[in-house]
Amino acid sequence: MPLLVHAVRALARSRAVGLVVVAAPPDGVAGVAALLDSHGLDGKDIRVVAGGATRQESVRLGLAAIPAGTGIVLVHDAARPLVPVEVVDAVAAAVRAGAEAVVPAVPLADTVKRVTPAAAPGVPEPVLDTPDRATLRAVQTPQGFRLDTLHEVHQKALAEEAGGGLPPVTDDAGLVERYGGQVVVVPGHEEAFKVTRPLDLVLAEAVLARRRASDGF
Ligand SMILES: Nc1ccn([C@@H]2O[C@H](COP(=O)(O)OP(=O)(O)OP(=O)(O)O)[C@@H](O)[C@H]2O)c(=O)n1
Ligand SMILES: C[C@](O)(CO)[C@H](O)COP(=O)(O)O
């Protein structure tokens, strides 16, 4: 099953989710819609829209497809197909309980160094400092927001970009932070990792095999 289907299914399985909007490559909207249609995803309403050139633009275009009056929106990566439903539920619950922006995250296993990035790959990089690992978190998705909050920060960012302003952020919570909002972290899950490198695919296969063996997932 394609990773995208797993990612949509991970959201659709949550009782907190009523509608899933998928931002697809503009020339792939019909194909993605047909793919998702063929998988009958928990009977949830699935809409596919044309995405943008960056993640931030895709999110903004996806937001436009969400009915006004919706209270909570979760933004997920297709690249995090195995997020457990408990994480989806916990993020939605934290927004419902009053947080304006919620991020699932896990502590870091590695010590992290801040460096001056090298001009070319392989060139030694001078270390600037070592942040206290206890204060760092690796953040995941889905990230949860009040719809009005997320809409407002995306519109502000769009206006700034039009004026040649700040570059796109790498996650939506970053936009809330940029405009002074309060983001909170809730526990994420090691299985919500991002499938980016070849080794991640091996790990994803192993997680799926374990789930199949243990609960017929
Ligand atoms: N134009 C884009 C680019 C990305 N995404 C979303 O953002 C997620 C992360 O995308 P990307 O930055 O391409 O992640 P990776 O492929 O993991 O690349 P890298 O970590 O190397 O940046 C994707 O899963 C997708 O859901 C999007 O909606 N629209
Ligand atoms: C949103 C995210 O997955 C949080 O870790 C991450 O920032 C996405 O980054 P990418 O470079 O767009 O994959």
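Residues numbered from 1 in each chain as written. Chains lettered and ligands numbered in written order. Predicted model: local features only at pLDDT ≥ 70, side-chain atom pairs only at ≥ 80, totals over all residues. Heavy atoms only, no water.

In the nomenclature of an unreviewed UniProt entry, the protein is known as 2-C-methyl-D-erythritol 4-phosphate cytidylyltransferase of Kitasatospora cystarginea. What the UniProt record of the protein gives under Pathway (unreviewed entry) is the line "Isoprenoid biosynthesis; isopentenyl diphosphate biosynthesis via DXP pathway; isopentenyl diphosphate from 1-deoxy-D-xylulose 5-phosphate: step 2/6." (UniProt positions renumbered as here; feature names shortened; annotations may be inferred.)

Below, the discussion takes up the site of ligand 1. All residues adjacent to ligand 1 are Gly52, Ala53, Thr54, Arg55, Ser58, Asp77, Ala78, Ala79, Lys194 and Thr196. Within the backbone of Ala78, a nitrogen or oxygen atom sits 3.0 Å from an oxygen atom of ligand 1. The backbone of Ala79 places a nitrogen or oxygen atom 2.9 Å from an oxygen atom of ligand 1. Across the complex, the protein chains shield 54% of the 590 Å² of accessible surface that ligand 1 would expose by itself. For the shell around ligand 1, the per-class residue count stands at three nonpolar, four polar and three charged. (Near = heavy atom within 4 Å. Polar contact = N/O pair within 3.5 Å; in protein donor to acceptor, adjacent residues only side chain to side chain. Areas by Shrake-Rupley, 256 points an atom, 1.4 Å probe, with all protein chains shown as cover. Nonpolar A, V, L, I, M, F, W, Y, C, P; charged D, E, K, R; others polar.)

Note that soluble globular proteins tend to have their nonpolar side chains buried in a common cluster. By size, the foremost hydrophobic cluster in this structure holds 25 residues, and its most contacted members are Val22, Leu36 and Val102. At the level of elements, helix H1 (3–12), strand E1 (19–24), helix H2 (29–37) and helix H4 (85–96) are the ones that each hand at least two residues to this core. Looking at this core element by element, the count peaks at six residues for H4. Excluding residues within four positions of it along the chain, Val22 makes contact with Leu4, Val8, Val32, Leu36, Ile46, Arg47, Val48 and Val49. If you look at the next biggest cluster of nonpolar residues, it comprises 16 residues, including Val59, Val73, Leu150 and Ala157. (Core = buried A, V, L, I, M, F, W, Y, C linked by side-chain atoms within 4.5 Å. Buried < 20%, exposed > 50% of the residue type's maximum accessible area, 1.4 Å probe, protein only. Helix = DSSP H or I, 4+ residues; strand = E, 2+ residues; numbered from the N terminus. Contact = heavy atoms within 4.5 Å.)

Here we take up helix H5 (residues 147–162). Over its 16 residues, H5 extends 23 Å from the first C-alpha to the last, a length consistent with the 22 Å expected when each residue adds 1.5 Å. By the burial criterion, the buried members of H5 are Leu147, Thr149, Leu150, Val153, His154 and Ala157. One side of H5 carries all its buried residues, which in axial view fall inside an arc of 165°. The exposed residues of H5 that point more than 90 degrees off its buried face are Asp148, Ala159 and Ala162. Structurally, H5 contributes buried residues whose contacts are with helix H3 (55–63), strand E3 (72–75), strand E8 (143–146) and helix H6 (172–178). (Expected span 1.5 Å × (residues − 1). Arc of directions from axis to C-beta.)

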